[in-house]
Structures are given as C-alpha cells and as structure tokens.
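Given next are the chains, with one letter for each unit.
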Amino acid sequence: MSATDVSARATSGRATQSRNESPTAGSDKVVTVVSHIVLTIWSIIVILPLLWVFLSSWKTTREIFDSPFALPQTWSFDNYVGAWTDSGIGKYMLNSVIVVGCSLVLVMILGAAAAYTLARFTFFGSQIVYYLILAGLTFPIFLAIVPLFFVLKNLGLLNTLPGLIATYVAFAFPFTVFFLYPFFRGLPSEIAEAAELDGAGEWRTFFQVMLPMARPGIVAIAIFNFLGLWNQFLLPVALNTNEDNYVLSQGMARFASQAGYAVDFGQLFAAVVITIVPVLAVYIFTQRQLQGSLSQGTMK
Amino acid sequence: MDRRSVLRLAFAGGVALPALALTGCATGGGGSETNTGGGAAGEKSEKNPFGMADSGTVEAVIFNGGYGFDYVTFAADVAKKNHSGVTFDVKPSTQIAQELQPRFVGGNPPDLIDNSGANQIGLTTIAEQLEDLSDVFEAKNLEGTTIKDTLYPGVEAPGTLNGKLVAINYVQTVYALWYSGSLFEQNGWTVPKTWDEAIALGAQAKSKGKFLFLWGKEAATYYQTLAIASAIKEGGDEVRLALENLEEKCWSNPAVQGVFKAMETVIKNGYVKPGGGGTQFTAAQAQWSNGQEALLYPSGSWIENEMKDQTKDGFKMMGAPEFTLTGNSKMPYEALHAAAGEPFIVPSKSKNPAGGKELLRVMLSKEAATNFAKTKLAPTIVKDTVPADGFGSTALQSQSKMLSDAGDNVFTWKFVDNYGMNQDMLVPWNAFLSGQIDAARLTTQLQGITDKVRNDPQVKKEKVS
Amino acid sequence: MSANRLVFILVTLGLPFAFYTLFVLWPFAQAFIYSLTNWSGFSPNFEFVGLSNYTALLQNATFLKAVRNNLLMAVVIPIVTIALALALATMVTVGGSSTGAVRGLSRSSFYRIVSFFPYTIPAIVIGLVWAQMFDPSSGLINGLLTAVGLDQFRSFAWLGEVSTAMPATMFVIIWGFVGFYMVLFIAAIKGIPAELYDAARVDGAGRLRMTFMVTIPMVRDTIQTAYVYLGILALDAFVYMAALNPSGGPQNSTLTMTQDLFNTAFKKGQFGMASAMGVVLAVMTLLFAAIVFVVIRAIKGKDNR
C-alpha cells in the first residue's frame, strides 16, 4: 500500500467518523470559538517572525537598523543575489542536498536491514547489539567529535563530503533502527515463514516481502531523518572545515558567528528566506502524504 | 564561529615594554639559526637566509577573516620571483584550531600559519612545537635592510613567550576611542581626555538625546580593554604587571578602582545605551556608526574596515587615546595602547620551516607590506607604509598621528588572551554595563576569574616583567 | 542456523554495526579514555591523571551552573512543549462543533500546516531569526510592545537580562517543536477508536474529562517518545545557544554543558577536561532516558496495559 492510500484512508476514515449526532450543549460553540482563537494566536506567533524576516530580506542593512518595522523602500533582489553568490548560500545548498540525499538513502538501507534482522532473528549477542545501538541514541555527539576527527583523518575522509556522509549515516543509524525495529517486530512472522516455504531466500523475503510491508514506517522515518540531517550542525562545523564543502547550516552559522565580521543583515535575512523556502515548499506540497505516513508510522 | 575574531584580536596584545627594553629583547633573542625541522635544506645566503631548499613546496594556512588571505598570495608571488623552483601553496581557513589540531598531533603541520580568529590555537598550548622566529627579524628584507630596523617598536612583544619569539604579529593595531569627527564638529564637542570630562560630555550627549557609549553582548569586554588601558596610564607599569602576573587583588589597585568607579557613574547616570547585553555587537556598532546614537566607541583600529558598509556618509571616523583618570597620570595622555595582531607561526615539525620563514620575510619587505596597508587600510608592523593622506581614510590618518604622538609610550598586555579568559570575563562586564552589578561586584568577579587561573596547576603561567 | 542465514545476518546487521562501531562507539570509548588524561588536544603526548578531571568539575562553579541550566531545560522544555502540542492537537481534532466521535475543527488543516512550519527550518536559522526578533532596538518584539504603549520595553534586552534570558531561550526551542509534536499527536488522536469517545460520552464525560480519560492514556506512547527526545535535545541545545547567546548569556544564565565543553576544548585547549564534561553529559542523558522509561513503565504497569 502506498502512502497516498494511507492518507486517503485516514481522511475517509475521518469523514465517516465526523457525522453529526445529537447537537447538545451550547458549550460546544464556546469550545469551538475558544479553540479557533487559541489556534489563531498560535498561528500568528508562528507566522509573524517569518513574515518579518521575509519583509526584512528586501531591505538594505541600513534600512533594517533605521526602520526595522517599515515596508522595504524598494523591492530589490540585491540581498538575494548577494546571499546566493557572495555568501555562497547557493553552493552550500547544493552540498547540503548531496550530503543529505546520499546519507538518507544509505542510512535507510542500512537501518532497515539491521532493524529487520534484529527483529526477526534471535541469536547469541543480538540483545547486546540492540542495546549498544540504543545507547548511541543518548550519547551527545559532542563527546565523539575529537576522536571522530582522527577516525576520519586516518581514513583520509576529513573535510570531504564522503566523510561527512559516512558520519551522518553512522549517527542517524541508531535512530533509524530504534524506530524501525518495532515495525518489523509488528509484522507477523508467519508471512516471512510462508515466503521461505515458497522457496524465497532470506534476501528475497526481506526485499520483496517484508520491506514493502514496512513501507509506511520507512517513509515516516525517512522524513524524520531528512529533517534531522538537514538541520545537522555540530558534525559539519567540527568535521568539515573546508569552505568549499560547507553545508547550509554551516553557511548560516557564519552569520550567527559570535565574532561575525561586518555582518550584512539584509543578506542574512535573504539567506534565511532562501534556506526556509525550499523545504517549506516541499512540506506544503507533500503534507497530506506526510500526515498519512505519520499517522500510520507512529501507530506502532 | 568561522569569522574573523575581532574580539580575540582585541586582546591579541603584547607586553608593554619601554622601547629600550624592546630593542634589547630583539637582539637578545636573535641569532638562533637552527633548522630543527625536516626537509632538505638549501644553501644559506643573503638571498636565502634560512636555507630554504630550491625546490619543493611551502604550505601556508591563512586565517580568512577581515583581511582575507590574498595579501599572503601577493607575497608568495613576490617570493616566487626569487625562488622559481618552489611552489607556494596558500590556503585559506576559517577555523584554525579545529582544522590544524589533528595535523599538530599527527606531526605534519603546515609551514606557515596565520593563527587568528575566534578559533585560534592558544599559543601557550603549542609554544613548544614552534620555531623561534627571531632569525626572521635578524634577516635582511628584500630591499637589503635588516627587518627589525624597519618595524614599529614593541612589535615582537605579543609573540614572545617566556623569551622565545614564537609568533610574528603582522598587523599593527591601535586601541582607541573612536568617534564621528563631523558630529563632534557640528555640536562643538571636544574629545574628553579624562573620565571626569567624559562624564561631563555624557551629560551634554544626554541633552541631545544621545548616549556617551553603547555596547554589544559579545564585545562587552571592549570596555575592559578601555578600563585596563586607562588604569595603566593612570597608575603606570605596576598596574600592568600586577594584572599580567595574575596577582592577588590586582583588580583592587587604586587606579583600576578609580576607573571602575568612574564607569559606574557613567552607567548610573544613564549615559550608556541600555540593552547592549542582548544586542549582537555588530548591530550595536551600527547604532554608533550609522545611527549615531552614541558618541564614543572603544575598539581596535579594525573598526573602520569592519563597519565600512554600515557607516553614515560623512561620518569622518577618528580615534583618540583612551582617557586617563586624572590630569596627573603616571603616563601622558598621549600614551597609546597598541599591539600587533594576526600572529604568524612556523611549526618546527613542518616539512619546510625554512620556507615558512622565507615567506614571512617577503611579507615583511616593503612591497608586500605596502600592498597590505593600501588594500586593507591598516598598517602592518613595518613602518612608513602609510602616506600622509592615509589612502583617503580619516581613521587611518588619526591612527598614524596617535602612533607618532605616543612615541615610545606604547603599551599593551596579553594575560586575557594568553589564558583564554575573555569568555569568562564577558559575563561580569555585560552585567556591569547593564547596571545589574556595581563596581565592587565587578571587581570581585574579575578577581575570581583571575584567581582561578592562577591557582590552576594545569595552566602554564608566563612570568611578565 | 543455515549458512545462508548467517551470511544474511552478517551482511544486514554485521556490516552496518561494524560501521556504527567505527564511527560512533569507538570515538565514544576513546573520549572516555581522554577524559582520564591532561591532553591539551594539540600535543602528541599526554599523561593519565586519573579521575582528577572529574573531581575538578565538581568544584567548577561555571560547569555546575551549566548543569543546572541544562536540568532546568530538560524539565521545562518537554513539559511545556508536550502540554502545548497536546492542547493544540486536541483543539484541532475534537474542538469541532459536534458531539460526534471526534470532530475536527474547520480550517484544521490550515492550523496544522502552519504550526508545522518551524520544524522545517534548520535549528540554526530558528536561532538566528529569534536573535533578531529579540534585538533590543530593532527587534520585532520590542517594536510591537512599544507600539502598543508598553514603553518599559524600549531597548529591553530579552536575552541580556538574567530574569528573561532563559525563558526567552526556552521559548524559542519550544516554538520550534510544538508544531511537530502537535502533528504527531493529531495523528495519534485520530487513531483512537471512536467507540472509546462514545463510551466516555455515555458516561457523561465533558470535553476536559474526555481528554484526560481517553486521549492522554491512548497517546501515552507518543508522549513518552516525545519526552525522551525533547529531553535529550534540551540537554544539548548547543545550536540554539550558538545563535542566541554564544557567550552563555547574562551571568551565565543560559550557559549549557555543551557550550562549556566547546570552550574548554577549543578555546582553552583542555581536551581531557572537555572529554570529562562530555562523559558527564552522556551519563546524565542516559540517566534521563532511563528515568523516563522507568516512570512510564510504572504508570503503564498500574494500568495493566
């Protein structure tokens, strides 16, 4: 079943549920109004900063300081052009896409395989392996930074995109296993056994039977992982110091840098908008599927 | 975290030494010609004083901050003319410590490093792994003059650690109070010379709806720099030495206390723009250079370059020496807090330390130094590279004037930077400037930070005299 | 176990696990060893100093302050985020004008989509945006407050006053996560069988009671996951701090362990000490997760679920 099916089912399920029964208390109306008010206030709290950032992104730095709340005097693309080229946001975004894309594919394959094997087979040491993977979830990345340095250096991967991808995969791995494990556990083992009786080997059983069945969960975890990796900050800051290989969060951190040198606030806001818009657009276009996957994916 | 650290540079200071002692120091440290590094050595000669091999590579990693790294590329191109067989590889970096740390541990650092920026490597941690650079000062420049004779006084002090010249700081920085020449002219204000005059000016500013000072949270310790300089001018060398050697009660010296009290008055009278503790320092500085909300800003001379895009037209940025406390201070009002910044180091274990030194020698020659002053609007430690018109910059002009007025009365200090104390000191300074604590609490907290370093056996101390 | 199966296990689990060991477990093990040394991080050699880094940490007022800040965040951020997310999710799903099973509010998808926005923004950018929002002079917050006549907020330094720096910082983190958990809770609430609500209604339960009797018990697993994740996040929080208050905030009131660790390692050149800080942080994180699991399991056991 596809994610679309899931979301369709979720919505149709909703439709049948929301039939009117006995319209009782007038307190319902109050609840509705209060709900709308509260939700509207929250929506404003969410949108207002973003709107302000958007407006500021069209101003010159001088305007931002002189009249921070006025509309921009002219709608010029200078800040955007500057942010894209001078501040290198365009280059960083490409790097981010490469790194996050590759890491995501790899970690989903490795994570799903490991989670499946852990969930389906019990063998000597499988519990220990499971707990060691879980432990990785709670370790602060900080602690590993320095030794990780030398691991990458010895492999010749320091300051390279493949090195960053490898690290991303390794650090997203426990999270992926942790969430996919209950998924595979939840799948009836009779199916796998039946597949084997039909003569399917371990590999075919996994790829053609079990993996498709776990699809909603995999989609949900992939979305989690995408956002997590897209936001990753510390790993690239410490392990990827070659400016040509900067990813987006590093590029943005330059603006936040405590020792920022001649920060151009107009460009800063433009860079923020450039950073937000693509992901936001993808989200808005896919939010139905996301919602479906989430409801399906988190029910386990 | 990868930008030029003006904050660190603010304290990339050196020991204040009278000019006489300085010359002595340079001579005393000279003459060490040992090439401890690896790599094939070439013939030593007038044109190749360090015996760099005539083939191979010189690798330089340059902090890519406010000054960029093209000035080193420029020098490398000049060097290339004399050593056509050598490849010069100049690489920019924004995170010196993180990037070079494994190379130091692994024993293959580059041949020349501009160890600057927010993530610079603490000099004391690597001092033992660095070449003594006094032979660079002893060498002749490309024009044939001995390099040390072409420099401003005191330039070797910041890079000298326990008598060894481990770093050559390339850029001359003057610490001053910066103001808008045009604004002062319009209002008929004069630049205060003592804290009392400053307080009086504060009252005038207030009547015009302006403030005397403002600050940003990451740069609150610029006011510590101002306070220490004022106190040293007032109380003389003993104030500086007490601080440098982290002595007990060094912050309770009457000169320091007098300055703190004066500052407390300024703050209590509302002459400091509130909210600095929550303002990014570049935004705060723009409120001074563009908004003209405050009259004076204490900073190093990089301020002009740093704010060049956010300075009001016709601002006419000028600098004045930091105030004394009273009219009869131990040092004259013209005494100047100046220090060289951008420390260049040559690791002993690099493949080609002689090559690193050779590149430094070229950088200290007239052609490269003049190129730097012209393109960066800042003087290097090489004298007489800035023409009278300061390449059209009023700030650069006043900087040259302050340096010549000061003569030999030039001082600085380096304990804050050496022991990495700035981070901790920002805390009480932000609190003090925003009026959350008074001068007494400020003193206690600064003393606490100082005592902690003094009593930490893991921290190697440097005795300053 | 057949040879085929053995190969399968080795490839599907052995390979990723070996990779994980090299990149995650091994560095952590090394960090623990470094924490017992006086390594500066730059020299090729170091000495073992036993547990002295740890004993020094116990007397390090700045670090202890950071620990307290982190603990406060680990308690407040998850509770507020979850409570707010759950409240909003409940309003969206059951706030409708009907007494039917669960009736969504009209325009509910609008609220849902908008609330999720912050989660699509990288944390560092969230920090940057709010650092500008809180700017005393040109920030939108003070702009709005002074516009409605609250003049005491002119130039008020939200991130520069001891009393407001931490709440403002926590607000930013909460702002970034409420929408995500709200969407998660909406999904969970929609999965609750309608009969449960019907049964509760037959018992005469009002909306509030229904929320506590039906909704919260049914989404407890989601709450548990959310709590652990938000807690771990609050124990780190480095990214937000790097943008909001890189120097630790007024009187160190927003200094976190991770910031102290970073400064100690890279600015003070004390990698041994920094590693010890990291180990303390790891232990605290593990303890935190364990406590949450134990508490939730205890409640579950009581309910016989």
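Since we're looking at a predicted model, the values are computed, not measured. (Residues numbered from 1 in each chain as written. Chains lettered and ligands numbered in written order. Predicted model: local features only at pLDDT ≥ 70, side-chain atom pairs only at ≥ 80, totals over all residues. Heavy atoms only, no water.)

Considering the overall build of chain A
Next up, step 1: A tally of regular secondary structure across chain A gives 14 helices and zero strands.
Next up, step 2: Its helices and strands taken in sequence order, chain A reads α-α-α-α-α-α-α-α-α-α-α-α-α-α from the N to the C terminus.
Next up, step 3: A separation threshold of at least 6 residues defines the contact pool for chain A, and within that pool the share at least 24 residues apart is 74%. (Helix = DSSP H or I, 4+ residues; strand = E, 2+ residues; numbered from the N terminus. Contact = heavy atoms within 4.5 Å.)

Comments concerning the overall build of chain C
Next up, step 1: For chain C, the helix and strand inventory stands at 13 helices and zero strands.
Next up, step 2: Its C-alpha atoms put chain C at 75 × 75 × 35 Å along the principal axes.
Next up, step 3: Per-residue burial for chain C yields a buried fraction of 63% across its 305 residues.
Next up, step 4: In chain C, once contacts between residues fewer than 6 apart in sequence are set aside, the share between residues at least 24 apart is 65%.
Next up, step 5: Within the structure as shown, chain C displays about 11100 Å² of accessible surface, and the carbon and sulfur contribution to it stands at 68%.
Next up, step 6: Each charge sign in chain C was given a centre, from 18 positive and 11 negative side chains, and these centres are 7 Å apart. (Buried < 20%, exposed > 50% of the residue type's maximum accessible area, 1.4 Å probe, protein only. Areas by Shrake-Rupley, 256 points an atom, 1.4 Å probe, with all protein chains shown as cover. Lys, Arg positive; Asp, Glu negative; His and termini not counted. Charge placed at Lys NZ, Arg CZ, Asp CG, Glu CD.)

Thoughts on the interface of chain A and chain C
Next up, step 1: Facing the 102 residues of chain A at the interface are 103 residues of chain C.
Next up, step 2: Considering only the side of chain A, the residues that lose the most area to chain C are A:Trp42, A:Phe142 and A:Leu143, jointly responsible for 8% of the buried surface there.
Next up, step 3: At the boundary of chain A with chain C, the tally comes to one salt bridge.
Next up, step 4: Notably, a salt bridge pairs C:Arg5 with A:Glu202, separated by 2.7 Å at the nearest N-O pair.
Next up, step 5: In this structure, the connection of chain A to chain C is made through nine residue pairs in polar contact (both at pLDDT 80 or more). (Buried area = accessible area lost by both parts, 1.4 Å probe. Salt bridge = Lys/Arg side-chain N within 4 Å of Asp/Glu carboxyl O. Polar contact = N/O pair within 3.5 Å; in protein donor to acceptor, adjacent residues only side chain to side chain.)

Remarks on the pattern of salt bridges
All names here are of chain B.
Next up, step 1: Applying the stated criterion across every chain yields a total of 20 salt bridges over all chains.
Next up, step 2: Residue Arg103 is joined to Glu59 by a salt bridge in which the shortest nitrogen-to-oxygen separation is 2.9 Å. One end of the pair, Arg103, is in helix H4 (residues 96-106); the other, Glu59, is in strand S1 (residues 56-63), and 44 residues separate them in sequence.
Next up, step 3: One continuous salt-bridge network, built from bridges that share partners, spans Glu59, Asp89, Lys91 and Arg103.

A closer look at the UniProt feature "transmembrane region" (unreviewed entry) in chain A
Residue and element names in this part refer to chain A.
Next up, step 1: The positions that UniProt labels "transmembrane region" (unreviewed entry) are, in the present scheme, residues 30-55, 92-116, 128-152, 164-184, 218-239 and 259-285.
Next up, step 2: Counted over residues 30-55, helix gives 100% and strand 0%. Its end C-alpha atoms are 36 Å apart.
Next up, step 3: Along residues 128-152, the helical share is 92% and the strand share 0%, with 26 Å between the first and last C-alpha atoms. (UniProt positions renumbered as here; feature names shortened; annotations may be inferred.)

Notes on helix H18 (residues 422-433) of chain B
All names here are of chain B.
Next up, step 1: Here H18 is 12 residues long and its end C-alpha atoms lie 16 Å apart, about the 16 Å a rise of 1.5 Å per residue gives.
Next up, step 2: The element H18 is extensively covered by neighbouring structure, given that 11 of its 12 residues are classed as buried.
Next up, step 3: Among the residues of H18, those classed as buried are Asn422, Gln423, Met425, Leu426, Val427, Pro428, Trp429, Asn430, Ala431, Phe432 and Leu433.
Next up, step 4: Directly beyond the C-terminal end of H18, a positive phi value near 80 degrees is found at Gly435. (Expected span 1.5 Å × (residues − 1).)

With respect to the interface of chain C and chain B
Next up, step 1: Taken together, the 35 residues of chain C in the interface contact 39 residues of chain B.
Next up, step 2: Between chain C and chain B, the buried area comes to about 3000 Å², and carbon and sulfur atoms account for 49% of it.
Next up, step 3: Together, C:Phe42, C:Gln251 and C:Lys267 form the three largest contributors to the area buried by chain C at its contact with chain B, with a combined 24%.
Next up, step 4: Applying the counting rule to chain C against chain B returns zero salt bridges.
Next up, step 5: The interface formed by chain C and chain B includes seven residue pairs in polar contact (both at pLDDT 80 or more).
Next up, step 6: Ranked by residues supplied to the side of chain C that touches chain B, first place goes to helix H12 (residues 257-267) of chain C with four residues.
Next up, step 7: For the side of chain C that touches chain B, the class distribution of residues is 13 nonpolar, 18 polar and four charged. (Nonpolar A, V, L, I, M, F, W, Y, C, P; charged D, E, K, R; others polar.)

A word on the side chain of B:Thr450
Residue and element names in this part refer to chain B.
Next up, step 1: Locating Thr450 in the fold gives a position in helix H19 (residues 439-454).
Next up, step 2: For Thr450, a relative accessible area of 0% gives the class buried.
Next up, step 3: With residues up to four places along the chain from it excluded, the contact list for Thr450 reads Leu246, Cys250, Trp251, Met421 and Met425.

Things to note about unusual backbone geometry
Residues and elements named next belong to chain B.
Next up, step 1: Despite not being glycine, Leu377 has its phi angle at roughly 50 degrees, a positive value.
Next up, step 2: Among the structural elements, Leu377 can be located in the loop between helix H15 (366-376) and helix H16 (394-406).
Next up, step 3: The exposure class of Leu377 is partly exposed, given its relative accessible area of 28%.

Describing helix H9 (residues 222-235) of chain B
Note on helix geometry: an α-helix contains 3.6 residues per turn, so any two residues three or four positions apart are oriented the same way.
Residues and elements named next belong to chain B.
Next up, step 1: For H9, with 14 residues, the first-to-last C-alpha span of 20 Å sits near the 20 Å given by 1.5 Å per residue.
Next up, step 2: Buried residues dominate H9, accounting for 14 of its 14 residues.
Next up, step 3: Downstream of H9 by one or two residues, Gly236 has phi in the positive range, about 80 degrees.

Some words on the environment of A:Thr286
Next up, step 1: In this fold, A:Thr286 is placed in helix H14 (residues 265-297).
Next up, step 2: Note: C-alpha distance between A:Thr286 and A:Gln73 (213 residues apart in sequence) is 35 Å.

Re a nonpolar patch on the surface
Next up, step 1: Residues A:Trp203, A:Phe207, C:Leu6, C:Val7, C:Leu10, C:Val11 and C:Leu15 make up a contiguous nonpolar surface patch of about 660 Å² in total accessible area.
Next up, step 2: Counting only elements with at least two residues in the nonpolar patch, the list comes to helix H10 (202-213) of chain A together with helix H1 (3-34) of chain C.
Next up, step 3: Broken down by element, the residue count for the nonpolar patch peaks at five residues, all from H1(C).
Next up, step 4: Judged by relative accessible area, C:Val11 falls into the partly exposed class, the value being 37%. (Patch = residues over 30% accessible without salt bridge, like charges linked within 9 Å, V, L, I, M, F, W, Y side chains within 5 Å.)

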